[in-house]
Amino acid sequence: MSIRKSLVYSYLDRYASLVVSIVSSMVIARVLTPEDIGVFSVTMVLISFVATVRDLGAGQYLIQEKELTTDRIRAVWAVQLGLGVILALVVLAASVPVARFYQEPRMLHIMLVVAANYVINPFGSLTYAWQMREMRFDTLAIVRFTATLVGALVGVAMAWWGHGPISLAYGALASTVVNAGMAIFYRPKDFPWLPGTKEIRRVLAFGSRLTGSSILQTVAGSAPELLLGKLQSMTAVGLFSRATGLVSMFNRIVLEGMNVVAISWFAKQTRQNESITPAFLTASSYAMALGWAFCLGMVFLAHPTIHMMYGDQWGGAVDLTRVIAVSLAVSLPSALCHPALMALGSVDRMLRITTYTTLLTVALVAIGSYFGLMVMGWCVVLAAALRSWIWLVAARKEVDFSWSALLSLSLGSAAVAGASAIGPFCAFVVYGPYPTEIWQPLAMGVPTAMAGFLVAVIGLKHPLLDEIKPLWAKLRTRR
């Protein structure tokens, strides 16, 4: 499958799933309280440490391995299946101590439900990794969307019937079951069902270092909610979770789809001994232009967006959302560094850099959490800026891009984002930072942002124009 077609399917998957997630989030935000969301968020953050080692990087090994043999497939399957059972037992064992530590019995029941995910998940992981390797994003889109839809329906229904935060855990379990079932249907006929250990050292040598990096990234990403839950309150965790959830929609809309394709594409080019530098720079320019436009729009339209999507009880997350949007903006120049280094197999360098950035992030977030929610938000911004610079310096040694080329693309992307922000800024000035109206600022800011973005891409001949032209030509042909 071509890179452009892969991106189309990847984004169709993300957009369809995002619509489902937005609708379900809007319902759940009106049914569950900030405290309910906080309880579930802290539980899932704790479990995310376990999730980082659920296949010990075996899936990523399968994607980038140049010579894939039956014995190596068996080894990947053995790692995934074995760890699934072990991690389920770990979550079960930790459920009681965690609930006692936070003095929250609901966390115990959530962890019991989530433990089942780890036993079921391996039956989908192997097929998922193989489809990524072969760039079969059409079938991936079908599987992911179906699982997302079923999970959202189960979660919303149970929350609506008054089951509280555990509703979200049952939704996640339903999604995992559907994903595994469909993955078995699409599993290649020649893939072995019997695990093997002959090549397991090769798989673990790659995966252990990659997993170490993933664990550290999870520590850095989880620190705000864990520290807020202990130093502040579950309500503060709920507000932070809602703010970051809103801003992270950009990750789901753009970056996740881009990174999934980028890893597969970079790995394929590496297997063919081709340079990934041009693709890395082009993809980075896409991420910066789209991301900075999104962040500026969120800064100016955070208040009406939150009230429209989640209701009045989440008004306390407005200012924090603006700060978190700034943290996303400063991290975007390095957005493609991780997939690039992973595709190149530079797991040792990834582990070292992740160690440095995790220590830095946790230290800054710990200081901020002690002083309050907003101070912690600005500490997240500082950590993101420093982390982005460190990753760029590390990636440059492997990808071999020039600073001047990256700076030129950054300035062009900033100009496009600035043009897109004119409309949202006018809405911010006219209606104020905390408008009593909801729809009027959005009606003024969103369409003008899209128009300004498109005009700037065309006028400045941003690299995104190379994607718009074929799409426009195809639409004209069909008309």
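Notes on the structure follow. (Residues numbered from 1 in each chain as written. Predicted model: local features only at pLDDT ≥ 70, side-chain atom pairs only at ≥ 80, totals over all residues. Heavy atoms only, no water.)

### Remarks on the overall build of the protein
What counts is decided by this rule: Working definition: helices are DSSP H or I runs of at least four residues, strands are E runs of at least two. Numbering for both runs from the N terminus. The contact criterion used throughout is that any non-hydrogen atoms of two residues lie within 4.5 Å. For accessible areas, the Shrake-Rupley method is used with a probe of radius 1.4 Å. Any residue's cover is judged against the shown protein chains and nothing else.
From N to C terminus, the protein includes 20 helices and 0 strands. Once local pairs closer than 6 in sequence are excluded, the contacts in the protein between residues at least 24 apart make up 83%. Of the roughly 20,800 Å² of accessible surface on the protein, 66% is carried by carbon and sulfur atoms.

### Regarding helix α17 (residues 403–420)
Convention followed: To estimate the expected span of a helix, count its residues, drop one, and scale the result by 1.5 Å. Partly exposed describes any residue whose relative accessible area lies between the buried limit of under 20% and the exposed limit of over 50%, with all areas from a 1.4 Å probe on protein chains only and scaled to the type maximum. For this quantity, the arc is that covered by the directions from the helix axis to the C-beta atoms.
Its 18 residues place the ends of α17 26 Å apart at the C-alpha level, agreeing with the 26 Å of an ideal helix rising 1.5 Å per residue. Within α17, the full set of buried residues consists of L406, S410, S413, V416, A417 and S420. Along the long axis of α17, the arc covered by the buried residues comes to 125 degrees, so they all point the same way. Exposed residues lying more than 90 degrees from the buried face of α17 are S404, L407 and L411. On its buried side, α17 packs onto α12 (277–310), α16 (373–399), α18 (422–431) and α19 (439–460).

### Brief notes about the environment of A236
Tracing the chain through its elements places A236 in helix α10 (residues 234–247). As for A236 and L373, which are separated by 137 residues in sequence, their C-alpha atoms are 6.9 Å apart. Those residues in contact with A236 that lie beyond four places of it in its chain are L228 and L373.

### What about α19?
Taking 1.5 Å of rise per residue, 22 residues should cover 32 Å, and α19 covers 31 Å from first to last C-alpha, within 8% of that figure. Turning to α19, its buried residues number three or more, namely P441, L442, G445, A449, G452, F453, A456 and V457. The buried side chains of α19 occupy one side of the element, clustering within an arc of 125 degrees when seen end-on. Of the exposed residues in α19, those oriented more than 90 degrees away from the buried face are W439, A443, M450, V455 and G459.

### Notes on the packing of helix α4 (residues 70–102) against helix α6 (residues 122–133)
We count it as follows: All axes here are fitted lines through C-alpha atoms, helices being fitted over the stretch that makes contact, and every angle between N-to-C directions spans 0 to 180 degrees. Crossings are classed by handedness, with left-handed meaning an anticlockwise turn of the near helix from the far one by less than a right angle and right-handed meaning a clockwise turn. Each residue gets one of three labels, nonpolar for Ala, Val, Leu, Ile, Met, Phe, Trp, Tyr, Cys and Pro, charged for Asp, Glu, Lys and Arg, and polar for the others, Gly among them.
Orientation of α4 relative to α6, taken along the N-to-C sense of each, is 145 degrees, at an axis distance of 9 Å. Crossing geometry of α4 relative to α6 is assigned as right-handed. In contact with I73, V76, W77, Q80, L81 and G84 of α4, α6 contributes P122, F123, S125 and L126. In the contact of α4 with α6, the residues fall into 7 nonpolar, 3 polar and no charged.

### Digging into a nonpolar patch on the surface
For the record, the criterion: Patch definition: residues above 30% relative accessible area lacking any salt bridge, with like charges linked at up to 9 Å and the nonpolar side chains Val, Leu, Ile, Met, Phe, Trp and Tyr linked at up to 5 Å. Put simply, a salt bridge is a Lys or Arg side-chain nitrogen that is within 4 Å of an Asp or Glu carboxyl oxygen.
Residues V85, L89, L92 and L112 make up a contiguous nonpolar surface patch of about 340 Å² in total accessible area. Take the nonpolar patch: its biggest share by element is 3 residues, from α4. Structurally, L89 is set in helix α4.

### Let's talk about the packing of aromatic side chains
Put simply, the rule is: For Phe, Tyr and Trp, where Trp contributes only its six-membered ring, two rings pair if their centres lie within 6.5 Å, and the inter-plane angle classes them as stacked under 30 degrees, edge-to-face over 60, or tilted in between.
Counted according to the given criterion, the structure contains 8 aromatic pairs. Ring centres of F300 and F425 lie 5.4 Å apart, and the angle between their planes is 70 degrees; this geometry places the pair in the edge-to-face category. Taken together, the positions of F300 in helix α12 and F425 in helix α18 put the pair 125 residues apart, joining distant regions of the chain. You can call F425 partly exposed: its relative accessible area is 41%. An aromatic cluster is defined as three or more aromatic residues linked by ring pairs; in this entry it consists of F280, W389, F401 and W403.

### As for unusual backbone geometry
The backbone of D400 sits at a positive phi, close to 65 degrees, despite the residue not being glycine. Counting through the fold element by element, D400 comes out in the loop between α16 and α17.

### Thoughts on the pattern of salt bridges
Under the defined criterion, the tally for this structure stands at 3 salt bridges. For R349, the salt bridge goes to E398, with nearest N and O atoms at 3.0 Å. Taken together, the positions of R349 in helix α15 (residues 347–371) and E398 in helix α16 put the pair 49 residues apart, joining distant regions of the chain. For E398, a relative accessible area of 32% corresponds to the partly exposed category.

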